[in-house]
Amino acid sequence: MKRVSSVILLILVTQILLAQNPLVTHIFTADPTARVFDGKLYVYPSSDTYPPAGREAEFPRFCMPGYHAFSLENGSTWKDHGWILKENDVPWGEKDTYAMWAPDCIKKGDKYYYYYPAQPADGSAFRRIGVGVSDNPLGPFEWEKVYIKGVTGIDPGLFVDDDGKAYLFFGGGKELFVAPLKDNMKEIAAEPKKVEHLPAGYKEGSFMFKRDSLYYFTFAHVFADEGYTIAYATGDNPMGPFTYRGKMMDNIENGTNHHSIVEYQDKWILFYHSWDISGYSKLRSMRADYINFKSDGTMSKVIPTMRGIGVPTVGDTIQIDRYNEISGAQTAFVSGDEPNGWMVCETRMMSSVRFNKVDFGEGKAKKMKARFACGQRKGTFEVRLNHAKGEMVAEFPVSYTGGWSKWETIETELLKDVEGIHDLVVVFKADWGSTKIINLNWLLLEE
Ligand code: FUB
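Only a predicted model underlies this, so the values are computations on that prediction, with no experimental measurement involved.

S.K.: Help me understand the overall build of the protein chain in this model?
M.R.: Across its full length, the protein chain holds one helix and 31 strands. Over its C-alpha trace the protein chain gives a radius of gyration of 23 Å, about what one expects of a compact globule, namely 22 Å for 447 residues. Viewed in the frame of its principal axes, the protein chain has a C-alpha envelope of about 75 × 55 × 45 Å. For the protein chain, contacts bridging at least 24 residues in sequence account for 59% of all contacts bridging at least 6. Carbon and sulfur atoms form 49% of the exposed surface of the protein chain, whose accessible area is close to 18200 Å². Distance between charge centroids for the protein chain: 2 Å, based on 51 positive and 58 negative side chains.

S.K.: Whenever I open this one, the sheet that holds strand β16 (residues 227-235) confuses me. Can you help?
M.R.: Strand pairing within a sheet occurs via backbone hydrogen bonds; the two strands may be parallel or antiparallel. The strand order across the open sheet formed by four strands is β14-β15-β16-β17, and the pairing between neighbours is antiparallel. A strand with exactly one partner marks an edge of an open sheet, and here the two such strands are β14 (202-211) and β17 (242-249). Across the sheet, the mean angle separating the axes of adjacent strands is 25 degrees when strand polarity is ignored. In this sheet, β17 lies alongside β16 in antiparallel orientation, the contact comprising six bridges. Looking at β17, one finds that Thr-234 is bridged to Thr-243.

S.K.: Got a minute to help me understand the packing of aromatic side chains in this structure?
M.R.: The description of an aromatic ring pair rests on the distance of the ring centres and on the angle between the ring planes. In this structure the tally under the stated criterion is 32 aromatic pairs. Pairing Phe-159 with Tyr-215 gives two aromatic rings, centres 5.9 Å apart and planes at 80 degrees, and the pair type is edge-to-face. Note that Phe-159 is positioned in strand β10 (residues 154-160) and Tyr-215 in strand β15 (residues 214-223), a separation of 56 residues in sequence. Comparing Phe-159 with Tyr-215 shows no difference in burial state: the two are buried. Note on Phe-381 and Phe-428: the rings are 6.1 Å apart at their centroids and 35 degrees apart in plane angle, and the pair reads as tilted.

S.K.: Where do I start with unusual backbone geometry in this structure?
M.R.: Apart from glycine, the bulk of residues carry a negative phi angle, and the bulk of peptide bonds sit in the trans form. Cis geometry marks the peptide bond from Gly-139 to Pro-140; its omega dihedral reads 5 degrees. Its location among the elements puts Pro-140 in the loop between β8 (128-134) and β9 (142-143). For the bond running from Gly-240 to Pro-241, omega is 0 degrees, close enough to zero to count as cis. Examined against the element boundaries, Pro-241 turns out to sit in the loop between β16 and β17.

S.K.: How should the pattern of salt bridges be read in this particular structure?
M.R.: A side chain with one charge can pair with a side chain of the opposite charge if their charged atoms come near. A complete count under the given rule lists 31 salt bridges for this structure. The partner of Asp-321 in a salt bridge is Arg-322, with the nearest N and O atoms 3.1 Å apart. Between Arg-354 and Asp-423 there is a salt bridge; the shortest N-O distance is 3.8 Å. With Arg-354 in strand β25 (residues 352-362) and Asp-423 in strand β30 (residues 419-430), the pair connects residues that are 69 residues apart, well separated along the chain. Beyond isolated ion pairs, a larger network of salt bridges with shared partners links Lys-367, Lys-369, Glu-411 and Glu-446.

S.K.: Explain the confidence of the model for the protein chain here, please?
M.R.: Detail in the predicted coordinates should be disregarded across regions flagged by low pLDDT. For the protein chain, mean pLDDT is 94; residues scoring 70 or higher make up 96% of the total. pLDDT under 50 marks residues 4-16. Its contacts with residues more than four places away, or in other chains, come to 17 contacts.

S.K.: Explain the environment of Asn-74 to me, please; I cannot follow it from the model alone.
M.R.: With respect to the helices and strands, Asn-74 occurs in the loop between β4 (66-73) and β5 (77-86). Taking the relative accessible area as the measure of exposure, Asn-74 reaches 49% and is therefore partly exposed. For Asn-74 and Thr-97, which are 23 residues apart along the polypeptide, the C-alpha to C-alpha distance reads 37 Å. Not counting the four nearest positions on each side in its chain, Asn-74 is found in contact with Thr-313, Val-314, Gly-315 and Asp-316. A polar atom in the side chain of Asn-74 sits 3.2 Å from the side chain of Asp-316.

S.K.: Just checking my understanding: could you explain the site of the ligand for this structure?
M.R.: As a structural note, the neighbourhood of the ligand is formed by Asp-31, Phe-62, Met-64, Trp-101, Ala-102, Asp-155, Glu-204, Thr-256, His-258, His-273 and Arg-284. At 2.5 Å, a side-chain N or O of Asp-31 approaches an oxygen atom of the ligand. In the model, an oxygen atom of the ligand is placed 2.8 Å from a nitrogen or oxygen of the Arg-284 side chain. Compared with its free state, where it exposes 280 Å², the ligand has 98% of that area covered by protein. The residue makeup of the shell around the ligand, split by class, is four nonpolar, three polar and four charged.

S.K.: Honestly, the sheet that holds β30 in this entry has me stumped. Any pointers?
M.R.: With respect to topology, five strands assemble into an open sheet ordered β22-β25-β30-β27-β28, the strand pairing being antiparallel. Lying at the two open borders of the sheet, with one neighbouring strand each, are β22 (325-327) and β28 (392-399). Going from strand to strand, the sheet's axes swing by 30 degrees on average, the running direction of each strand aside.

S.K.: Would you mind showing me how to read the side chain of His-68 here?
M.R.: Its place among the elements puts His-68 in strand β4. Residue classification places His-68 among the buried residues on the basis of a relative accessible area of 10%. A distance of 2.9 Å separates the side chain of His-68 from the side chain of Asp-80, its partner in a polar contact. Not counting the four nearest positions on each side in its chain, His-68 is found in contact with Ile-27, Tyr-44, Pro-45, Asp-80, Gly-82, Trp-83 and Ile-84.

S.K.: What am I meant to see in the pairing of strand β27 (residues 378-385) here?
M.R.: Along any regular strand the residues' side chains alternate between the sheet's two faces. By the criterion of burial, β27 is predominantly enclosed, with seven of the eight residues buried. Judged from the seven bridges that link them, β27 and β28 form a sheet pairing that is antiparallel. Among the inter-strand pairings, Phe-381 is bridged to a residue of β28, identified as Phe-396. With antiparallel pairing between neighbouring strands as the criterion, β27 and β28 make up a hairpin whose turn holds six residues, including Asn-386 at a positive phi of roughly 75 degrees. The sheet contact formed by β27 and β30 spans seven bridges and is antiparallel. From the neighbouring strand, Thr-380 faces β30, where its bridge partner is Lys-429.

Cut-offs and rules
- Residues numbered from 1 in each chain as written.
- Predicted model: local features only at pLDDT ≥ 70, side-chain atom pairs only at ≥ 80, totals over all residues.
- Heavy atoms only, no water.
- Helix = DSSP H or I, 4+ residues; strand = E, 2+ residues; numbered from the N terminus.
- Rg over C-alpha atoms; globule rule 2.2 N^0.38 Å.
- Contact = heavy atoms within 4.5 Å.
- Areas by Shrake-Rupley, 256 points an atom, 1.4 Å probe, with all protein chains shown as cover.
- Lys, Arg positive; Asp, Glu negative; His and termini not counted.
- Charge placed at Lys NZ, Arg CZ, Asp CG, Glu CD.
- Pairing = 2+ DSSP bridges.
- Axes fitted to C-alpha atoms, helices over the stretch in contact; angles between N-to-C directions.
- Phe/Tyr/Trp six-rings, centres within 6.5 Å; stacked < 30°, edge-to-face > 60°.
- Buried < 20%, exposed > 50% of the residue type's maximum accessible area, 1.4 Å probe, protein only.
- Salt bridge = Lys/Arg side-chain N within 4 Å of Asp/Glu carboxyl O.
- pLDDT = per-residue confidence, 0-100.
- Polar contact = N/O pair within 3.5 Å; in protein donor to acceptor, adjacent residues only side chain to side chain.
- Near = heavy atom within 4 Å.
- Nonpolar A, V, L, I, M, F, W, Y, C, P; charged D, E, K, R; others polar.

Shown next as structure tokens:
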């Protein structure tokens, strides 16, 4: 059993980003558009921030400075690739307006096209939509000097059909529109037309995908007495007409709910946002959960989970507080100087927490690390496979770290070689009658 320096660990933690819901906690991210390019999963969100000092009154809505991009690395680690575009680099944009709302990125041929809304410097509209092109999904993008003519609105959502034809969906007022794009992806090929036959109510954030030859037109649908929901309609043509099919996510009291849908490694995933870290609807965080399709092609409603998607493996932090099941313990926002996130706390004798689906590889995992804080003298926690009385694979004796907010990392050799994917159950034990055993932030498998 070894204790690892807290300083080294802090550096490590800021580079290894969190992976369960919300997907990242080091910055605020909203409006996530997920895409799979050449088998790799990317997410293109907007970012929320606090208004600059002295300008708070100007930003009663959102304060959005530009875009980062993320990719999924390993089993469940989201890598932040930094700024893709900042607001003052928009060639046609009004400066310092923090108006970079929901973006999208799509591949056509061997080029990547990134679409974004911004406030135009010519004052011609609330938002216009611009585009940039790159040979790489993460840029750098060459930004067009002018916005796409004939389009005023927000929430660009792109769709490229199997025949190579591309469509731009967007929102404006309270309705949704679609326009076919020319081959150059930078101009519309026909006047935008309103997407018809959708129920009344404010709509935005539309996203089109195709599954088994059926076109799914999905959108945020707002009701005065219900708030933001995500709904969908289906049709045989990307331009419609569509038949309304109902909601795929109920209102989750998150202010807005911009989404996207992608198939990755044979599973369909809904990306959306909520305000988990901030508790404030204008400082959002992106999330993801699996979608279930029924045999008739309709979708079951997606219920938001903490566990989210992905199978952590060797090298991915396991955010144990994003549990599937907990007994006799609680979770809370992490204490002390740790990066944003949650911890398992109020752990008692024989309390336990279960986290489903961790990939041990083919016996590759040899060690386990744990990040914990302890304000009492002595106890242990055990990591078991599949249930609270399952095989024990790691045992961590713990003692006083300096208090309940003083974090340390310990590591131990795994008690056996484990192969394949298993649920982990952490069981907490106190050997001298203490009422609280430890605060546990995360676990990590290593070679
Ligand atoms: O993020 C700003 C706006 O809020 C987006 O454009 C909408 O879709 C909503 O999420």
